[in-house]
Every structure is written in structure tokens, then in C-alpha cells.
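# Commentary on secondary and tertiary structure
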Amino acid sequence: EFCDGTCKDYQRVYELTAPTPTVKYPRTPGYRDTQDDSWYYRCDIKGAEKGLLAGKTVAIKDNVTVAGVPMMNGSKLLEGFVPDRDATVVTRILDAGGRILGKSVCEDLCFSGNSCTSSTGPVKNPHDPTRSAGGSSSGSGSLVARKVVDVAIGGDQGGSIRIPASWCGIVGLKPTYGLVPYTGIMPIEKTIDHAGPMARTVEDCAALLEVIAGYDDGNDPRQFPAVPHPPYSKLVNDGIKGKKIGILTEGFVDVEEDLARVVRQRALTLKEAGAEVSDVSLPIHMDGLAIWTPVAFEGTYQMMIKGNGHGYNWKGSYDLPLQEALAGSYNLRPFDCPLPVKIVMIFSEYMQRNYQNKFYGKAQNLVQHLTREYNRILKDYDVIVMPTLPAKVVKLPSKGHSVYETLKLELDMIRNTAPFNATGHPALSVNAGFSEGLPALPCGMMIVGRMFDDLTLLQVARAVEKTFEDK
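The following refers to the structure shown. (Residues numbered from 1 in each chain as written. Predicted model: local features only at pLDDT ≥ 70, side-chain atom pairs only at ≥ 80, totals over all residues. Heavy atoms only, no water.)

### Here we look at empty space enclosed by the protein
Note the cut-off: The way it works is a 1 Å grid over only the protein atoms, where trapped points that fit a 1.4 Å probe form a cavity and open points with protein on both sides within 12 Å along at least five of seven lines form a pocket, and then any residue with an atom within 4 Å of a point lines it. Grid points are joined across faces, edges and corners, and a volume is the space filled by probe spheres set on the points. Only DSSP runs of H or I with at least four residues qualify as helices, and only runs of E with at least two residues qualify as strands; both kinds are numbered from the N terminus onward. Three classes are used, and their members are as follows: Ala, Val, Leu, Ile, Met, Phe, Trp, Tyr, Cys and Pro are nonpolar, Asp, Glu, Lys and Arg are charged, and the others, Gly among them, are polar.
Under the defined criterion, the tally for this structure stands at two cavities of 30 Å³ or more. Here the largest cavity defines a volume of roughly 140 Å³. Around the largest cavity, the lining is made up of 18 residues, and of these Cys110, Ser112, Gly158, Ser160 and Trp292 lie nearest the centre. Of all the elements in the fold, those that place two or more residues in the lining of the largest cavity are α8 (288-306) and α12 (403-411). Per-element tally for the lining of the largest cavity: the top contributor is α8, with three residues. The residue makeup of the lining of the largest cavity, split by class, is nine nonpolar, eight polar and one charged. Around the second largest cavity, the lining is made up of eleven residues, and of these Thr176, Gly178, Val180, Asp193 and His194 lie nearest the centre.

Here it is as C-alpha cells:
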């Protein structure tokens, strides 16, 4: 009898109409691009006549909703899905005069650091087609590096902006958690989800960040109320004289020797720009990946799989058509999930049956400690630097690789990047130089700074760029 009344409440919710965001700029659906491995869908959406991005062409990672343009998120599970809304970052790009040329390929459900899992096929590295472009923002990295577009939007849960930025030799920024709204982007785990800019130059990266950063008008409760941010594009060229830069010792552990040498030497050249550069140690950095892992595994399982892409327990905009599309596909075709996600599902189900959410909860508590420890050394240093990744660009996997070998190629490069998804510190990858021999491969340097001090990262990265220009 009681539940009869509750059912009436549910029926009333079903009958009510929920608001959906207004689509401001006209567009046609575009077309599927089968000629370029980095595009999923091409379109041509022109924004405002004036603005900071006027004249700039933009690629949007295919986990970001663009109304009327098909979205696949790299997965057969979503093939045929067409969003009915623009993500907040898309609207802001168009308001600033950007011209969106399409949806860039991303890895299958965005769960690979290699560029081999997308259902549309692998994305090849611009410097060597036998190697990975990096993931999961693989298409964005390649398109920017090849000058097909000026800038791109990427997403980052464990390094997915910084990995392709490093391996393609461009600039990629995972902003401070909460600085850029995630509304309208398919989540993986809300506490580690980030979206940010990718560009060939630091100045373009700064301009795109300035456009997409800021408070989300209440649609995304993770946003700090009225987050103030400086005019990044105007201040990015300010010098770094007097800035203190720490070379993080633990960030160089088990890194390929030539890659470590390139990054260290480039960091030391910043002394010529007036910075103070010295070594710093923080042993808990070595535990950062371990702390991230239960959050990423069990959180992803609860939100993206069992929660059909959105889960529960947050006050924000839920994309109901996307949830329905995912729910139907998960129920009918779970075998179409990519290998890394299958591992996450199996392992997380086992852990939750036997240990409930004990490890997820403890990991989140340890994130607080990890955050305080990074904050502690960032009181003495403006930024810390290290290699973005432990290795130069890896080969794309082949059919001859075992499941274990393939998983290692897809997930074994995030030891330096993932900790900052857990803590939320801003982290930027910029090219520090190239390896010797042929092919010459880019070597990414990661710059990490204080919460909401993304500007200093951009300024240091710009100083790194100038060390090349001054030669």
C-alpha cells in the first residue's frame, strides 16, 4: 500500500518535463570521415564573429556532446547515438568565435593510454606510423600535431590529455580539478574527471583555457562558486624570473635514460630565464598510482558501468538519452566493452563482493594525505617538473601480443600522470626535446603546480618553448 503511493511519485516524475540546454549555433550533422584515422565525425560549426578564438579551428574529443553530431566515445556500444545538447565547453568555444571542424577519435570508453582500442581503428603517431599517438585523447593529439586544427579539447582521468601531448610533441593541460566544467562530457569517475586544452603552442593553450574555464552557472556542482581566473592569454608571456622550480627525484625513477636526460637538461636551461632550479624529493609520489587505482577501478565500475555513465549522488545535469543508450548496450552487449574495461569490471566486482567499498574509501582518504604532501612542497616551489611518461612513444600492439602484454601497453605509462588526477593539481605536458637517432621521438616534460595556479604552469611552459626559439 505504501509503495503504491511511491509509484505515483515516480509516475509524476516521468510525466514532468526536465529542462535541456539551449543549442545556440546552427549546424548540420556532418559526415563520417573514413580517410583520416584521427577523425570520427566531421562537421563545420561556426561560432560568434568575434572573440578570443576567432579564426581558430577546433577538434572536440568524441566523449564530449555536440548537439546533432553523432558521438561514439570510441565504442561500438554507443554507435548511432546522437546527443541533443552541447557540452558547456562547446558552447563557450563557439561563443568565443571558435570554429568546430568535428569530433576527434578517442579510445574505447576513454580507458586506454595507448591509441589502439577505438572501434574505428588505431590512431597512428604523427612522428612514426608504427607507434602510438597516446590516449585516450588520441585523435585530438594527432590532429593538433599534424596542423589539421589549431586546438582541441581533451579529457583526462589518468593522463589522457598529457599522454598524447607527450607522445605527439604538443602542449596539453589537465587543469585544476573544478576549473573547467565537465557538464555534457561522458564521465568515467567524477572525482578524477578533467577536461582541458591541447594545442601546438602554449599561447594557444592559454587562450583555449581562458575560454573554457570558469563557473558553470550551477549545472555542475563541483565548480567552486564563481571561480576567478586570470586572463591567461595576456599573462602567459610574463617571465619566470625568481620562480622556484623543483625537479622531482621520484618522477625520474625507472624512466628511460635518454628521456630522463632530455627532460632534466631542459629544466636546467630555465636558469637562463631567471628561475631557481633544484632537486626536490617527495617519496609518497611513488605511491600515487597505487592510491589512484581503487578510485579509478571501483569508481569507474560504479559510475560508468553500473550507473550507466552517470551514477548517483551528485547534483548536476544528467544526460538521460546518453544513460538510456548505455544501459541498453551494457545489457545486450557487455562483450563489446574494451579489454581494459572488462578487467576493471571483473576486478571491481570481485573486490566489492568480498571487501565492499573499503579500499575505495581508504584510497579517497589517502588522496587527502597525498594532496597535502604535494601542497607541502609546493609551498617552497612554484612548480615541480618530471618526465610526463616513463618511456618514449611505444609501438602499437599487434595480434601477436598476449592479453597481459596488450594491457601493459594500454595502461602501463601513467605512474607520473595519474596521481594528479587523484589530487586535482594542475599538470601540463610540454615538449622538452627529441630523442637521438631515427625516428626522433618527442620527450614530454610535465609541470605541476598549486591548485588554481594554472597560469604559472603556462608561464613556465612558455619559458620552455622560448629556450627552443632563442637558439
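And the narrative resumes.
### Here we look at the pairing of strand β14 (residues 442-449)
What counts is decided by this rule: Throughout this description, buried means an accessible area under 20% of the type-specific maximum (1.4 Å probe, protein chains only), exposed means over 50%, and partly exposed covers the range between. The pairing criterion is simple: DSSP has to find at least two bridges between the two strands.
Counting buried residues in β14 gives eight out of eight residues, a clear majority hidden from the surface. Burial along β14 is two-sided: Pro442, Gly444, Met446 and Val448 and Cys443, Met445, Ile447 and Gly449, pointing in opposite directions, are all buried. Pairing geometry for strand β13 (residues 427-434) and β14, over six bridges, is antiparallel. Counterpart to Val430 in the pairing with β14 is Met445.

### Some details on the nonpolar core
General note: in soluble globular proteins, nonpolar side chains tend to be found buried as a group. What counts here: Here the nonpolar core consists of buried residues drawn from Ala, Val, Leu, Ile, Met, Phe, Trp, Tyr and Cys, with membership extended through side-chain atoms lying within 4.5 Å. By definition in these notes, contact holds between two residues if any of their heavy atoms fall within 4.5 Å.
Grouped together as the largest cluster of nonpolar side chains are 103 residues, with contacts concentrated most on Ile93 and Ile447. Here the element with the most residues in this core is helix α5 (residues 202-212); it accounts for eight residues. Aside from chain neighbours lying at most four places away, what touches Ile93 is Leu53, Val58, Ile60, Gly98, Ile100, Ile153, Leu208, Val211 and Ile212. Leu77, Met186, Met304 and Leu326 belong to the second-largest nonpolar core, a separate cluster that totals 21 residues.

### Digging into unusual backbone geometry
Between Gly135 and Ser136 the backbone carries a cis peptide bond, its omega angle lying at 5°. Relative to the helices and strands, Ser136 resides in the loop between β6 (128-132) and α3 (138-145). The residue Lys147 is not glycine, and still its phi comes out positive at about 65°. Take Lys147: it is sitting in the loop between α3 and β7 (151-156). Despite not being glycine, Asn308 shows a phi value in the positive range, around 55°.

### Topic: helix α1 (residues 2-15)
For clarity, the cut-off: An expected span of 1.5 Å times one less than the residue number is assigned to each helix.
End to end, α1 covers 21 Å across 14 residues, agreeing with the expected 20 Å (1.5 Å per residue, within 8%). Judged by how many residues are buried, α1 sits mostly at the surface: zero of 14 residues are covered.

### Notes on the packing of α8 against helix α10 (residues 339-355)
Stated formally: In this description, a line fitted to the C-alpha atoms serves as the axis of each element, helices being fitted only across the stretch in contact, and the angle between N-to-C directions of two axes falls anywhere from 0 to 180 degrees. Our angle categories are set so that under 35 degrees counts as roughly parallel, over 145 as roughly antiparallel, 65 to 115 as roughly perpendicular, and the remainder as oblique.
At their nearest, the axes of α8 and α10 sit 9 Å apart, and the two run at 110° to each other. Taken as axis vectors, α8 and α10 run roughly perpendicular relative to one another. On α10, the residues touching Phe297, Glu298, Thr300, Tyr301, Gln302, Met304, Ile305 and Lys306 of α8 are Val341, Ile343, Val344, Met345, Phe347, Ser348, Glu349, Met351 and Gln352.

### Structural notes on the sheet that holds strand β4 (residues 99-104)
Taken in spatial order, the twelve strands of this open sheet run β1-β2-β4-β3-β7-β9-β8-β13-β14-β12-β10-β11, and their pairing is mixed. Strand pairing shows two members of the sheet lacking a second neighbour, β1 (31-32) and β11 (276-280), which therefore form its edges. The strands touched by helix α7 (residues 257-268) are β10 (244-248), β11, β12 (383-387), β13 and β14; relative to β14, the strand with the most contacts, the crossing angle is about 55°.

### A look at the environment of Pro83
You can see Pro83 is positioned in the loop between β3 (57-61) and α2 (88-95). Residues Pro83 and Thr20, 63 residues apart in the sequence, show an inter-C-alpha distance of 11 Å. If we skip the residues at most four places from it in the chain, Pro83 touches Thr65, Val66, Ala67, Gly68, Val69, Pro70 and Met71.

### A word on the pairing of β6
Across two bridges, the pairing between strand β5 (residues 124-125) and β6 is antiparallel. Note on β6: the bridge partner recorded for Lys124 is Ser132.

### Examining a nonpolar patch on the surface
The condition is simple: Residues form patches when they are more than 30% accessible in relative terms and have no salt bridge. Like charges link within 9 Å. Nonpolar side chains (Val, Leu, Ile, Met, Phe, Trp, Tyr) link within 5 Å. Computed by Shrake-Rupley with a 1.4 Å probe, the accessible areas treat only the displayed protein chains as cover when residues are assessed. Any Lys or Arg side-chain nitrogen found within 4 Å of a carboxyl oxygen on Asp or Glu counts as a salt bridge.
Taken together, the side chains of Tyr350, Tyr355 and Phe359 make up a nonpolar region of the molecular surface, amounting to roughly 290 Å² of accessible area. Residue Phe359 is classed as partly exposed on the basis of its relative accessible area of 36%.

### Focus on the packing of α2 against α5
Applied cut-off: For any helix crossing, the convention is left-handed if the near helix is rotated counterclockwise from the far helix by under a right angle, and right-handed if that rotation is clockwise.
One can describe the packing of α2 onto α5 by two numbers: an axis separation of 8 Å at closest approach and a directional angle of 115°. Of the possible angle classes, the one that applies to α2 and α5 is roughly perpendicular. In the crossing of α2 with α5, the sense of the turn from one axis to the other is right-handed. Two secondary-structure elements touch here, α2 through Val89, Arg92 and Ile93 and α5 through Leu208, Val211 and Ile212. Across the contact of α2 with α5, the residue classes break down as five nonpolar, no polar and one charged.

### Observations concerning the layout of surface pockets
A volume near 590 Å³ is recorded for the largest pocket. Taken together, 17 residues form the lining of the largest pocket, with Thr17, Ala18, Pro19, Tyr318 and Leu320 sitting closest to its centre. Mapped onto the lining of the largest pocket, the elements with two or more residues apiece are α1 and α9 (320-332). Partitioned by chemical class, the residues of the lining of the largest pocket number ten nonpolar, five polar and two charged.

### Observations concerning the pattern of salt bridges
Across all of its chains, the model carries 27 salt bridges by this definition. Its salt-bridge partner being Asp44, residue Arg99 comes within 2.6 Å of it at the nearest N-O pair. With a gap of 55 residues between them, Arg99 in strand β4 and Asp44 in strand β2 (residues 39-46) connect regions that are remote in the sequence. On the basis of relative accessibility, which here comes to 34%, the residue Arg99 falls in the partly exposed class. For Arg462, the salt bridge goes to Glu469, with nearest N and O atoms at 3.0 Å. Sharing partners across several salt bridges, the network here consists of Glu203, Arg462, Glu465 and Glu469.

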